[in-house]
Amino acid sequence: MKISLNTQILFGASLGVTFGIILGHYTPSQAASPYLSAFDLLGKIFINLLKMIMVPLVFTSITAGIANLINSSQSRRVWPTLIFYSLTTTALAGITGLIAMNFIKPGVGLDVHLFKDKTNTFQVHSFNIHDFANHLMNPNNILTVVLLAVLTGITLVVLGEKSRTALKLINEFFEIMMTIVRWIMRLAPLGIMALLTKLVAQANVPLLYVLSKYILVVVGTTLFHGLITLPIILWLITRISPWKFFLAMKEAFITAFSTSSSTATLPISLRCVTENLKIDAAIARFVLPVGAILNMDGTAMYEAMAALFVANLCGAHLTLVSQIVVVFTAMMASIGAPGIPSAGMVTMIMVLQSVGLPAQAVAILIAIDRPLDTIRTVVNVEGDCIGACVVQKIAGS
Ligand code: ASP
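(A) Representation of the overall build of the protein chain within the structure. Each helix and strand counted, the protein chain has 18 helices and 0 strands in total. For 397 residues, the compact-globule estimate of 2.2 N^0.38 gives 21 Å, and the C-alpha radius of gyration of the protein chain, at 21 Å, lies within 12% of that figure. Overall, the protein chain is about 65 × 55 × 40 Å in size when its C-alpha atoms are taken along their principal axes. The buried share of the protein chain, taken over its 397 residues, is 52%. Relative to all contacts within the protein chain whose residues are 6 or more apart in sequence, the contacts with residues 24 or more apart total 85%. When the accessible surface of the protein chain is summed, it comes to about 18000 Å², and 69% of that surface belongs to carbon and sulfur atoms. Averaged over its 24 positive side-chain charges, the protein chain has a centre that lies 6 Å from the centre of its 16 negative ones.

(B) Expanded view of the site of the ligand. For the ligand, the set of nearby residues contains 14 residues, the closest of which are S262, T299, G344, D373 and R376. Side-chain polar atom of T299 to an oxygen atom of the ligand: 2.6 Å apart, as the coordinates give it. Here a nitrogen atom of the ligand sits 3.2 Å away from a polar atom, N or O, in the side chain of T377. When isolated, the ligand has an accessible area of 270 Å², and the protein chains bury 100% of it. It is helix α18 (residues 369-395) that contributes the most residues to the shell around the ligand, 4 residues altogether. A breakdown of the residues in the shell around the ligand according to their chemical character gives 3 nonpolar, 9 polar and 2 charged.

Cut-offs applied
Residues numbered from 1 in each chain as written. Predicted model: local features only at pLDDT ≥ 70, side-chain atom pairs only at ≥ 80, totals over all residues. Heavy atoms only, no water. Helix = DSSP H or I, 4+ residues; strand = E, 2+ residues; numbered from the N terminus. Rg over C-alpha atoms; globule rule 2.2 N^0.38 Å. Buried < 20%, exposed > 50% of the residue type's maximum accessible area, 1.4 Å probe, protein only. Contact = heavy atoms within 4.5 Å. Areas by Shrake-Rupley, 256 points an atom, 1.4 Å probe, with all protein chains shown as cover. Lys, Arg positive; Asp, Glu negative; His and termini not counted. Charge placed at Lys NZ, Arg CZ, Asp CG, Glu CD. Near = heavy atom within 4 Å. Polar contact = N/O pair within 3.5 Å; in protein donor to acceptor, adjacent residues only side chain to side chain. Nonpolar A, V, L, I, M, F, W, Y, C, P; charged D, E, K, R; others polar.

Spatial relationships are all this shows, so hold off on functional conclusions.
Below, the structure written as structure tokens:
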């Protein structure tokens, strides 16, 4: 009997959680440590294989996507639809986070001295708008790969006949990358098991307990955006049933959850969207990589909520205008975060500094970031995939 990859992944994920609980919380640390090192190695191999494919995949996907779109004259509405969709959903995410924090106010009354060790040893590197611009245009940043891919795609169309072979080559190269991804995904059940074992085993339970109110608000609000707001947008615009959408995207969401990386999940979301939801390949190849890097609802929501949490911890009152500044900076920060685990924590400093909150507080947030990153990454990926469906409906021919 052949067991499907999906079932194997689910099985791997459940085993990972079980091993994590046993090794991390019920086994003496000396006895557990060789096993945890082995799982760590296995998880790293899996993530690094996916990362290895990231740059060539993003480049060929966007270049071919743009060139094919312009050639089929669909592109005129694709850009504006994608930008409008991204800004609206990201702003909605930030505002929902803000409302939840204002109602529930986690962090008020918590003793800040509990975190003194963490914040005292944390080195703050200031991160202002100037650093943000440098960060975006750093040649090592994946955003510059996006820019080069967009320019190459446009140039291929401008050169027309003269670059026909190059376009064909790029399309073929993309197919080669996707085939390699299919091979890497055979390792997914093992890789996901290893990643989840480590995640669960290393969870700092006492700290999670102290911050449980905040964690519950974050998880609840993120799930609200992922299970209510985004599916409503999907249904209203495309009439695709959210249930059908979730079933089609299952594999991508489990990968996003366990890798905490939207860019590492990109190859899987591309396959789920084109094969299971039958979205036009040119649209998916353009919207998904651009979305994975620029459109992050979960991250924008989290950064806004985290800033308000830090304000509550310090007993600072943020006026409505300051809160709007927080949402706006969180939106920018999510655009600057590159789609890898805990990327949001780097740009978080900018959000805190925008309203004068202490950047050292990031130390507290980092300590509990791994479990929270899992869910916000799923919502980031979900937002991109719904974006592809929306763009197809509005701009597709
Ligand atoms: N891990 C997130 C992602 O890859 C980014 C972040 O919020 O840290 O989408």
